[in-house]
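# Overview (structure and organization)
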Amino acid sequence: MLEDLKQEVYEANMKLPKLDLVTFTWGNVSAIDRDKGLFVIKPSGVPYEDLKPSDMVVVDLDGKVVEGDLNPSSDTPTHTYLYNHFPNIGGIVHTHSPWAVSFAAAKMDIPAVSTTHADTFYGDIPCAPALTKKQIEEAYELNTGKVIVDEFNRRGVDPDAVPAVLVSQHGPFAWGPTADKAVYNAKVLEVSAEISYHTLQLTRDETHVPQYLLDKHYYRKHGKNAYYGQNNAKSKSHAEHE
């Protein structure tokens, strides 16, 4: 079942240690087949060096295992909730990458202080509230998904334009149209967190990029007028040729 998607999710998971986004087994990637209403996710607690594509677990949008001999990631209820409430996302990544976790531990948004950030995230990366004792005891991982969605709704943030979040005292989640793109966004999130941390150490001045610079960098890579790279909407017409 979903053998191609299992391979995609396996390869995306194996990028996490290569990109220095995980220590030990502290992370997971999933991807969804929207037509079938099923997603594939890394099994819980299996070392990356031992993983195989056949180990990936198939789960439905009620969070029930459909296929797989191993237990799915303990974060499966969070992934399930996000897939059900952010309908455009195709892949999700959760890590405990240290720069992002530092902001989560401080209960701080990651501010948009550079064009590195603005190329991928159209504004600050929100930090959702810490879960209450009741939320943790009731359904920890499910309620993690709920606080993420609630925070995006409360702030009016578009999850397609800001494809990442921090959960206070926990860590980052990132997503994208595919598992591979979600991993890419998770790495940019970590780099942006490191840049923002150092910026805040160097100055207490206002450092957010101005709106016009945020617009320029975000929309040159996204949307109908994107021209960055080779295959965006205006890539061919933007370049000047003799």
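Everything below is about the structure printed above this text.
Residues numbered from 1 in each chain as written. Predicted model: local features only at pLDDT ≥ 70, side-chain atom pairs only at ≥ 80, totals over all residues. Heavy atoms only, no water.

The tendency in soluble globular proteins is for nonpolar side chains to be buried side by side. Leu16, Leu166 and Leu189 are the most contacted members of the largest nonpolar core, which totals 37 residues. Put simply, the parts of the chain that give this core at least two residues each are helix H1 (3-18), strand S1 (27-33), strand S2 (38-41), helix H3 (98-105), strand S7 (164-167) and helix H6 (179-202). Here the element with the most residues in this core is H6; it accounts for seven residues. In this structure Leu189 touches Ala100, Ile110, Phe121, Ile125, Ala164, Leu166 and Pro172, once residues within four positions along its chain are discounted. Phe39, Ile92, Val147 and Trp175 belong to the second-largest nonpolar core, a separate cluster that totals 21 residues. (Core = buried A, V, L, I, M, F, W, Y, C linked by side-chain atoms within 4.5 Å. Buried < 20%, exposed > 50% of the residue type's maximum accessible area, 1.4 Å probe, protein only. Helix = DSSP H or I, 4+ residues; strand = E, 2+ residues; numbered from the N terminus. Contact = heavy atoms within 4.5 Å.)

So, on to empty space enclosed by the protein. Gaps between atoms show up when a probe of the same size as a water molecule is rolled over them. Throughout the structure, instances matching the rule amount to one cavity of 30 Å³ or more. For the largest cavity, the calculated volume is near 40 Å³. Every residue along the wall of the largest cavity is listed here: Leu21, Val93, His94, Thr95, Ser97, Pro172, Phe173, Ala174, Ala186 and Leu189. Of the residues belonging to the lining of the largest cavity, the class tally is seven nonpolar, three polar and no charged. (1 Å grid on protein atoms, 1.4 Å probe; cavity = no way out; pocket = protein on both sides within 12 Å on 5 of 7 lines; lining within 4 Å. Points joined across faces, edges and corners; volume = space filled by probe spheres on them. Nonpolar A, V, L, I, M, F, W, Y, C, P; charged D, E, K, R; others polar.)

Going through the model one piece at a time under the given rule, you end up with 11 salt bridges. Note that Asp180 is salt-bridged to Lys15, the shortest N-O span being 2.2 Å. Of this pair, Asp180 sits in helix H6 while Lys15 sits in helix H1, and the two are 165 residues apart along the sequence. Taking relative accessible area as the criterion, Lys15 reaches 32% and is therefore assigned partly exposed. Between Lys221 and Asp119 there is a salt bridge whose closest N-O contact spans 3.8 Å. Of this pair, Lys221 sits in the loop between helix H7 (211-219) and helix H8 (235-238) while Asp119 is found in the loop between helix H4 (115-118) and strand S6 (127-128), placing the two residues 102 residues apart along the sequence. Accessibility assignment for this pair places Lys221 and Asp119 in one class, buried. Shared partners join several salt bridges into a network, and the residues in it are Asp109, Glu151, Arg154 and Arg155. (Salt bridge = Lys/Arg side-chain N within 4 Å of Asp/Glu carboxyl O.)

Keep in mind that these numbers describe shape and distance, not what the molecule does.
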